[in-house]
Amino acid sequence: MSLSTTWYHGTLFSEIQEFKPFTHFGSRHVAFFNVDCCKQEKYRIDPSVVINPTIYKISIRFDESEVLTIKDWLTPRSIGLAFGLRDHFKKKEDAKSKEYSVRFNEICESLAGKSDLHFNFDQIQAMLKRMGIKVLAYENEVETDDKEISICIVDTSVINFDSIEKVKVTNKLIKEIKSKNPNMKEQIRPLGFIPYEYDDE
């Protein structure tokens, strides 16, 4: 069965024309949470930086057989995902899963202690593609408290780039998002933190 669904991605920039492998997508309020988190961190480091918070709406099409559902690996780094995949298959008893667990463990070992490979997903992508996996799905434990599903794209061929729509994040949009999601997760602000001010319109 081919599935075509609408997903959202939040970022600090409005000039994105394409998305790289291992980009994450979720609901609109999850996308805003990510924008807010990244924006506050960027502003804390350098308040003079010019950014344009944007939520992208996009259509993604894939078959159910091309999706692997795993536990949230809780980090953007490649080694965290490698460990998550290794542990996912390690819990299974069939021979194929045991083989996958060994392969992902080898990837973990090759990435361990190498900071220059923190965001290098080449080995993971090659392995998942050999398995026929184009999308990773997971219950998002970072940006939502209600076990909402988010996805991570392994193969960007599932993305319909012609469908991209983008909306600037403003106070008006934030109010609308929060009105439709009254229980959405809030950012934790450190004491004395000066937040970034969004435009009203």
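Definitions and cut-offs
- Residues numbered from 1 in each chain as written.
- Predicted model: local features only at pLDDT ≥ 70, side-chain atom pairs only at ≥ 80, totals over all residues.
- Heavy atoms only, no water.
- 1 Å grid on protein atoms, 1.4 Å probe; cavity = no way out; pocket = protein on both sides within 12 Å on 5 of 7 lines; lining within 4 Å.
- Points joined across faces, edges and corners; volume = space filled by probe spheres on them.
- Core = buried A, V, L, I, M, F, W, Y, C linked by side-chain atoms within 4.5 Å.
- Buried < 20%, exposed > 50% of the residue type's maximum accessible area, 1.4 Å probe, protein only.
- Helix = DSSP H or I, 4+ residues; strand = E, 2+ residues; numbered from the N terminus.
- Contact = heavy atoms within 4.5 Å.
- Expected span 1.5 Å × (residues − 1).
- pLDDT = per-residue confidence, 0-100.
- Phe/Tyr/Trp six-rings, centres within 6.5 Å; stacked < 30°, edge-to-face > 60°.
- Arc of directions from axis to C-beta.

Undergrad: Now, about empty space enclosed by the protein: what can you tell me, with residues and values included?
TA: Inspection of the entire model under this criterion finds 1 cavity of 30 Å³ or more. Estimated volume of the largest cavity: approximately 40 Å³. Every residue along the wall of the largest cavity is listed here: Phe22, His24, Trp73, Thr75, Pro76, Arg77, Leu81, Phe121 and Cys152.

Undergrad: Give me the lowdown on the nonpolar core, citing residues and values where you can.
TA: Most often, soluble globular proteins keep nonpolar side chains buried together rather than apart. Ranked by internal contacts, the top residues of the largest apolar core, which has 25 residues, are Leu81, Leu85, Phe104, Ile124, Leu128 and Leu136. Counting only elements with at least two residues in this core, the list comes to helix H2 (78-90), helix H3 (95-111), helix H4 (122-130) and strand S5 (135-139). When neighbours within four sequence positions are excluded, Ile124 is seen to be in contact with Phe22, Ser78, Leu81, Ala82, Leu85, Phe104 and Ile107. With 13 residues, the next largest nonpolar core counts Phe25, Ile60, Ile153 and Ile159 among its residues.

Undergrad: Help me get a handle on H3, residues and values and all.
TA: Taking 1.5 Å of rise per residue, 17 residues should cover 24 Å, and H3 covers 25 Å from first to last C-alpha, within 8% of that figure. All of the buried residues along H3 are Ser97, Tyr100, Ser101, Phe104, Ile107, Cys108, Ser110 and Leu111. Along its buried surface, H3 packs onto H2 and H4. Where H3 ends, the next residue or the one after it, Gly113, has phi of about 75 degrees, a positive value.

Undergrad: Can you break down the confidence of the model for the protein chain residue by residue, with the values?
TA: Averaged over the protein chain, the pLDDT score is 89; the fraction of residues at 70 or greater is 90%. The secondary structure element of the protein chain with the lowest average pLDDT is helix H1 (residues 28-45), at 79, and the one with the highest is H4, at 98.

Undergrad: Before we move on, can you summarise the packing of aromatic side chains with the specific residues and values?
TA: Aromatic ring pairs are defined here through the distance separating the ring centres and the angle between the ring planes. Overall, the coordinates contain 7 aromatic pairs when judged by the stated rule. When the ring of Phe32 is compared with that of Tyr198, the centres are 6.3 Å apart and the planes differ by 50 degrees; the resulting orientation is tilted. Within this pair, whereas Phe32 is found in helix H1, its partner Tyr198 is found in the segment after helix H5 (171-180), the two being separated by 166 residues in sequence. For Phe32, a relative accessible area of 5% translates into the label buried. Assessed through its relative accessible area of 10%, Tyr198 is described here as buried.

Undergrad: Tell me about H5, and please be specific about residues and values.
TA: Along H5, the positions that sit buried rather than exposed are Leu173, Ile174 and Ile177. For H5, the buried positions fall inside an angular range of 100 degrees around the axis, keeping them on one side. Opposite the packed face of H5, turned more than 90 degrees from it, sit the exposed residues Lys172, Lys175 and Ser179.

Undergrad: Tell me what's going on with the environment of Cys108, and back it up with residues and numbers.
TA: As for its placement among the helices and strands, Cys108 is situated in helix H3. Considering only alpha carbons, one finds Cys108 and Ile124, 16 residues apart in sequence, at a separation of 9.5 Å.

Undergrad: How would you sum up the side chain of Ser101? Please name residues and give values.
TA: Note that Ser101 resides in helix H3. Not counting the four nearest positions on each side in its chain, Ser101 is found in contact with Arg86, Phe89 and Lys90.

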